[in-house]
Each structure stands twice: as structure tokens, then as C-alpha cells.
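Topology and contacts: notes
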Amino acid sequence: MVVPLLVTVAVGVTFVWQVERLLDLMRWVEHTDQVIEVTRRIETRMSRIVREARESLIEGSSQEEFTVRREEVLDASQVLMRLVADNPAQRDRASTLISDVQALLQMASPEAAPRRGAQPSPEEENPSVRGHHHRLGEKMDALAAQFDAFVNVEERLRLERSARAANAARFTTWSALALALLLGGALALQGNRALTVVSRRYERANAAIVAHAEAQRQRDEESRSIVEGVMGHAIVLLSPDGEIRKWNAGAERLKGYRAEEIIGKPFSLFFTPEDQRAGVPERILSAAREHGITASEGWRVRKDGTRFYGQGTVSALRDRTGRAYALVKITRDMTEHRQTEEKILQLNQTLERRVEDRTAELAAVNRELEAFSYSVSHDLRAPLRSVDGFGRLLQERYADQFDAQGQHYLSRIRAAAQRMATLIEDLLRLSRVTRAEMKDEDVDLATIARRVVEDLHRNDPARDVVFEAPSSLPIRGDRRLLEIALENLLSNAWKFTGRLARAHLELGTIGHADGKTEYFVRDDGVGFDMAFASRLFSPFQRLHDAEDFPGTGIGLATVQRVVSRHGGEIRAEAAPGKGATFYFTLGEM
Amino acid sequence: MTHGPVLIVEDSADDYELIVLALEPLRLPNALVRLKNGADAVDYLLRKGPWAHRSDEETPALVLLDLMLPKLSGIEVLERVKADPVARPIPIVVLTSSDERTDLVRCYRAGANSYVRKPVEAGEFQRVASQVGLYWTRVNERAGGPV
């Protein structure tokens with residue numbers, strides 16, 4: 001827009017300037033005309049003055065007339081001087097001319113005329129009058145020639161100026177035409193360009209609109225096919241007051257109505273009579289209208305009257321003013337889910353009840369076990385004491401009444417009673433390990449192990465046993481139970497290395513695959529066959545002859561209980577004659 | 001110095017006989033009195049019921065108390081006797097088969113003067129019983145003399 005404006009302004013300025021110049025030239029032509037006119041007027045007046053002056057020589061003159069004419073000439077002369085003031089050459093010529101005019105005026109004045117008789121007559125011509133008359137004529141002719149020369153110059157000037165003006169006028173005309181054409185062309189060009197831009201813009205806008213419309217159509221199509229194709233969800237379009245407007249295949253499948261038989265009906269049809277009476281459908285509608293979306297779930301009714309558990313949302317579609325013009329209801333059939341949930345709940349309850357029952361049973365069993373242990377502790381020992389006590393009395397007081405065989409039998413009876421007592425003791429210890437309440441305290445396995453080995457040494461000082469252990473093995477656990485475990489493991493190791501001149505026992509740790517520390521107790525004793533390893537930790541299982549290595553077979557079962565009560569595991573590695581190693585972990589308590 | 005009897009509260013005839021046999025070698029000057037249940041032991045010690053008029057001479061120098069007893073258990077006997085200011089100084093040694101830790105703790109808490117396990121092995125039983133008898137009847141200085 002700026003370019004045409006600038007061009008217009010430029011054209012205007014140029015045109016105005018040219019017209020101004022033309023007018024100026026025309027003024028000069030006019031000026032020249034004026035000069036010529038004034039000059040001719042002076043000439044005319046002068047010739048008249050001179051003629052009258054010559055006539056007056058004969059007929060007498062009138063002073064008043066001459067004065068008037070002279071004033072006229074002088075006025076005109078002043079005008080001429082003003083007019084030529086701008087042209088030095090003409091000014092000089094004009095001033096010469098005027099001074100000649102003034103000189104002639106002097107000559108032509110009545111005062112300058114020679115005196116004649118009172119009765120002048122042409123016949124009685126005075127010679128001085130005749131001379132004056134003659135000089136006036138000469139001067140006037142000379143002046144006329146001067147005037148002609150002056151006017152000629154002016155005429156030439158006028159001609160020049162006219163030609164210049166005519167040229168300027170032509171130039172102005174042509175340039176005006178050219179400028180107009182230029183402006184028109186520029187405007188046309190500009191207009192064309194603007195039009196091209198606009199049309200291109202329009203085309204683009206049009207294409208965008210078409211593309212947008214196509215995309216929208218595709219989206220609509222996609223939405224429609226999705227909505228129609230969704231089978232798992234019922235998608236229903238409702239009026240703001242709950243009248244059904246659209247219905248997808250999922251809705252038909254879920255609720256049993258075909259679109260044509262349900263559209264126009266209120267959606268409260270899907271609710272149970274109880275919910276309808278309670279105003280549930282209305283509440284859902286108003287919540288959706290107010291909050292934009294609302295979720296609900298509950299038992300709903302199908303066309304055939306059967307019920308399903310529906311879960312879904314109702315959301316509002318709003319126009320620009322925010323008014324809800326429709327509601328979209330999406331419902332999912334959660335019946336199976338709901339039933340599964342209920343079943344899970346039921347199962348959980350059953351399970352909990354069972355756990356409670358089992359816990360109660362377990363508690364009862366525990367109480368029984370405790371009572372049993374108590375009873376074993378008190379009552380089972382008493383008869384043994386009698387057997388052994390009275391057996392001893394027989395041996396001591398009635399020794400003479402038994403032969404060697406009888407004595408032997410008595411000692412066998414007593415040995416059996418004592419062995420039974422040891423079994424009872426070990427069993428009680430095992431049950432105590434199971435029943436004991438666990439403490440969580442800092443325990444150093446290495447210190448315990450050293451003390452246990454010292455005790456073993458004290459009871460069996462003849463043995464040469466080398467024991468190796470780290471300076472400390474700190475862990476968290478129940479000190480008393482861990483002491484029992486280490487006592488059992490180390491006394492086993494002590495026992496099964498009994499035939500060696502020098503035995504080696506070791507307590508240590510190794511890394512474990514699960515990141516847990518594995519502890520071990522190793523000996524270089526008789527070992528055992530790994531084929532029987534699985535029975536190792538069951539009570540009363542023995543892998544060795546009782547005569548060679550006496551024991552009740554409860555020790556490792558006890559160790560296993562201690563380890564498992566600490567959340568750990570125990571295993572053994574051994575070979576006959578090559579020693580045995582027991583590995584155990586101690587997990588979280 | 002008078003010798004009150006040694007009161008043996010024991011329901012098992014076998015155990016009573018074994019205790020008597022074990023004490024025999026000590027040749028104690030004290031008489032032996034046997035009661036077969038806890039209720040009788042309490043009545044005897046607190047002078048109640050049939051023993052309301054028991055003489056001071058019959059106050060035991062030592063009570064050997066079993067824990068598993070008919071009517072009142074050994075623990076209950078201990079608790080009642082040791083709660084009585086007059087009977088409290090009588091030394092009561094619990095002599096039982098049980099090595100349950102809970103029993104031991106409860107007995108000491110109830111005021112038992114000693115807790116001794118009856119070993120099964122006859123020789124050991126003999127040794128323990130005679131040691132107890134000897135200590136509590138001869139070595140131990142009784143508090144406040146005869147009651």
C-alpha cells in the first residue's frame with residue numbers, strides 16, 4: 001500500500017512543480033507584453049506631444065495640455081523602469097531612452113519654443129521657429145527609431161519566452177501523461193500483486209478448510225465406528241434430562257434393547273425399581289450436569305428383566321455457553337468381576353475363618369504339647385527312677401542272691417532306664433527349642449563356639465583337637481537357642497573325630513548365592529554317606545552304631561529347629577572317612 | 001536343740017521309699033513325716049484342720065516338697081506357706097523330676113529355699129538326696145530357732 005502512495009505523491013509533486021514552472025514562463029511572456037505595451041504608449045504620447053508642439057509653433061500652444069501629456073509620459077516611464085528593473089541590459093537601454101524622452105520633452109515644452117509675433121502666420125515664418133520645428137521633427141524620428149530598437153529587443157525576448165513556455169507546456173503535457181501512465185501502471189502492478197496475494201491466501205484458506213472438514217469427517221467417522229464397534233461398553237447419548245438419543249452395539253448387547261425400540265425412552269428404565277424409587281437416575285443426571293462427570297455403579301436391569309452389575313460414567317457435553325446440551329453414558333458390565341470379587345471376598349472370609357480355626361487348633365495343640373512335655377518331664381521320669389533305684393537296691397543289698405548272669409541282667413535293666421532318661425531329656429530339649437519364645441539380641445557365634453569347645457576339652461582332656469574360628473562372628477538371634485545349636489554341632493564334631501590322633505574342627509563363613517551369609521562347622525572325622533543325608537535332621541535318625549558313637553539322634557533335629565526358627569536353612573556335605581561339614585544360614589527372624 | 005521332723009510331701013510311694021533309702025545312711029535324728037497331698041501339707045504347716053493343735057515340736061526342720069501333687073500343687077503349697085509370717089522361716093526344698101525352667105522360676109519366686117532335681121540314676125539320686133538332707137538339717141543355721 002505504501003508504494004502506490006509514494007508514487008502518487010511523487011507524481012503530484014512533479015506535476016505541480018512543472019505547472020508552476022509553466023506559469024512562471026507564461027508570466028514572463030506577459031511581462032514582456034506589458035513592457036512593449038508601455039513602451040508603445042510612451043512612444044505614442046511622445047509623438048503626439050512632439051506633433052502638438054510643432055503645431056503649436058504655428059498656432060500657439062496650450063500650456064495645460066502639454067503638462068497633462070508630460071505627466072502621462074513620465075508616469076509611463078516610471079512604470080517602464082519598474083518593469084525592466086530585473087533585466088540590466090534593458091534597464092540601461094530603457095534609462096537611455098527615458099533620458100532622451102525627457103530631453104525631447106524639454107525641447108517640446110512651450111517654454112522652450114521661440115517667441116513669435118502676436119499674429120503669427122504661416123507666411124511670416126520666423127527662422128528660429130522653423131529651426132526648432134525642424135529639430136523637433138528630427139529628434140522625434142531619432143527617438144522613434146530608438147523605441148523601435150527597444151521594442152525589437154523586447155519582441156525578441158517575448159519570442160524566446162513564448163517558445164520556452166510553449167516547450168514547457170508541451171513537456172508538462174507529455175510528462176504529466178507519462179507520470180499518469182507510470183502511476184497507473186504502478187497501481188495496476190501493485191493491484192495485481194495484491195490480488196495475487198489475496199487469491200493465493202484465499203486458496204490456501206480454502207484448502208485448509210477443505211482439509212479440516214475432511215479430517216473432521218474422518219474423525220467423526222472413526223468416532224462413530226469406534227462407538228458403534230465397542231462391544232464391551234454400552235455407550236448411550238442422552239438428552240440433558242435423560243432421554244435416550246443414540247445407542248451403540250455394546251449397549252444393545254449389554255441391555256438387550258435394539259436402538260429403534262429404546263431411542264426416545266428415559267434411561268431410568270435400566271435402573272431397578274428400588275433405585276428408581278430412591279431417585280438414583282435423577283441424582284446421576286444432575287451430578288453429571290453440575291460437575292461435568294459422575295461415576296456410578298450398581299445392579300441394573302436388562303430388557304428381559306435379568307440384572308447385571310454395571311459400572312460407568314455419565315459426562316456432560318457442553319456448548320460454548322457452558323450449557324450441557326447432551327450427556328454421554330458409558331457403562332461396562334462388571335457382573336463377572338463383581339461375582340469374582342464377591343467370591344474372592346467369600347473365599348477370603350472362609351480362609352480367614354480357617355486360619356482362625358487352625359490357629360486355635362494350633363494353640364490347642366501347643367497347649368497339649370506343653371502339657372505333654374510337662375507331664376513327660378514329671379511323670380515319665382518317676383517310674384524310671386523307681387526302676388533304676390530299686391534295681392540298684394537289688395544289686396547292692398541282694399547281690400549274693402544273684403549269679404553273674406542275674407547281675408548282668410540287672411545292670412542291663414538299669415542301663416535301659418538311664419538311656420530312656422537321656423532320651424526323655426533330649427526330647428524335652430527339642431520340644432523346648434520349638435516352644436521357646438525367641439529373643440532378638442546381639443550374639444557372637446565365634447565366642448560361643450570357643451566356649452563350647454573349651455567345655456568339651458575339659459570333659460575329655462586327653463583329646464588333641466585343633467579348633468579354628470574367626471575372632472568374632474556377630475549376628476542377631478536368640479542366644480540360648482544358638483548356644484544349643486552350636487553345642488550340638490560341635491559335640492557331634494568332637495564325637496565323630498574321636499578316633500583321630502589329632503582332630504581339626506572349624507567354624508567359619510562363606511558367601512552365599514542369595515547374598516546371605518552361610519556359616520559352617522567342619523570336622524575331619526568319620527563323615528557319613530550322603531545317601532542318608534536326607535534323614536539326617538529327623539529326630540531319632542542315627543547314621544552310626546550306638547556302640548561306636550553313642551547318641552539319641554535328636555541333636556541335629558534340634559539344630560535344624562534352631563536354624564529354621566531363625567528363618568535359615570541347614571544342609572550337610574560329607575563323605576565316609578572324609579569328615580563332615582554342616583552349612584547353615586540365619587535369615588530374618 | 002530340738003530336732004523337728006523332716007516333712008516329706010510326696011504322693012509317689014516309690015519316690016518316698018527312695019528318698020527314705022537315700023536319707024538312711026545319714027542317720028538323721030529327725031523323725032520323718034510323710035504327707036501325700038498339697039492340701040494336707042498346707043494344713044500341717046499352717047496348723048489348720050486336723051493339725052490345728054499340732055505342737056511346736058512337730059514343726060518341721062525341713063520340708064522336702066514334690067511339685068506334682070494331688071489337690072494342691074507344690075507351687076500352691078509354697079505360695080501359701082511363704083505368705084504366712086509364722087510358717088515362712090521353715091526351709092522348703094523343692095525335690096522334683098521336672099527340669100522345666102518355668103517350674104524352677106515359679107518356685108523360687110514363691111519363696112522356695114532350694115530347687116533340686118531328682119536324678120533318674122539311683123546313685124546320683126542317693127547323692128543328691130543325702131546332700132540336701134545333710135545341708136538343711138545340719139549345716140544350715142535356722143532363722144529364729146524353733147517356731
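Bear in mind that the values here come from a model prediction, so they are computed numbers and not experimental data.

All right, on to helix H2 (residues 38–46) of chain B then. Residues and elements named next belong to chain B. All buried positions along H2 are accounted for by Gly 38, Ala 41, Val 42, Tyr 44, Leu 45 and Leu 46. Its buried side turned inward, H2 meets strand E1 (6–9), strand E2 (32–35), strand E3 (62–65) and helix H3 (74–83). With a side-chain oxygen lying 3.0 Å from the backbone nitrogen of Ala 39, the N-terminal cap of H2 falls on Asn 37. Looking one or two residues beyond H2, the residue adopting positive phi is Arg 47, at roughly 55°.

Moving on, we come to the sheet that holds strand E11 (residues 570–574) of chain A. Residue and element names in this part refer to chain A. Here we have 5 strands laid out as an open sheet, ordered E7-E9-E10-E12-E11, and mixed in their pairing. With partners counted over all chains shown, the strands left at the sheet margins are strand E7 (465–468) and E11, one partner each. Here the average twist between neighbouring strands, direction ignored, is 15°. Where E11 and strand E12 (residues 580–585) come together, 5 bridges link them in antiparallel fashion. Residue pairing for E12: Ala 574 is matched across the bridge by Ala 580. Across the sheet, helix H11 (residues 445–459) touches E7, strand E9 (503–510), strand E10 (518–523) and E12, and the angle it forms with E7 is around 170°. Strands E7, E9, E10 and E12 of the sheet are contacted by helix H12 (residues 479–496), whose axis makes an angle of about 30° with E10.

Right, let's talk about the interface of chain B and chain A for a bit. Facing 23 residues of chain B, the contacting portion of chain A comprises 24 residues. Between chain B and chain A, a total of about 2,000 Å² is buried, with carbon and sulfur atoms accounting for 54% of that surface. Per-residue buried area on chain B facing chain A is highest for Met 68, Glu 100 and Val 120 of chain B; these three make up 30% of the total on that side. Summed over the shared surface of chain B and chain A, the number is 4 salt bridges. Among the salt bridges present, the one from Arg 117 of chain B reaches Glu 425 of chain A, with a minimum N-O distance of 3.2 Å. On inspection of chain B and its partner chain A, the count reaches 9 residue pairs in polar contact (both at pLDDT 80 or more). When residues of the side of chain B that touches chain A are traced back to their parent elements, those giving at least two are helix H1 (13–23) and helix H5 (122–139) of chain B.

Cut-offs applied
Residues numbered from 1 in each chain as written. Chains lettered and ligands numbered in written order. Predicted model: local features only at pLDDT ≥ 70, side-chain atom pairs only at ≥ 80, totals over all residues. Heavy atoms only, no water. Buried < 20%, exposed > 50% of the residue type's maximum accessible area, 1.4 Å probe, protein only. Helix = DSSP H or I, 4+ residues; strand = E, 2+ residues; numbered from the N terminus. Contact = heavy atoms within 4.5 Å. Polar contact = N/O pair within 3.5 Å; in protein donor to acceptor, adjacent residues only side chain to side chain. Pairing = 2+ DSSP bridges. Axes fitted to C-alpha atoms, helices over the stretch in contact; angles between N-to-C directions. Buried area = accessible area lost by both parts, 1.4 Å probe. Salt bridge = Lys/Arg side-chain N within 4 Å of Asp/Glu carboxyl O.

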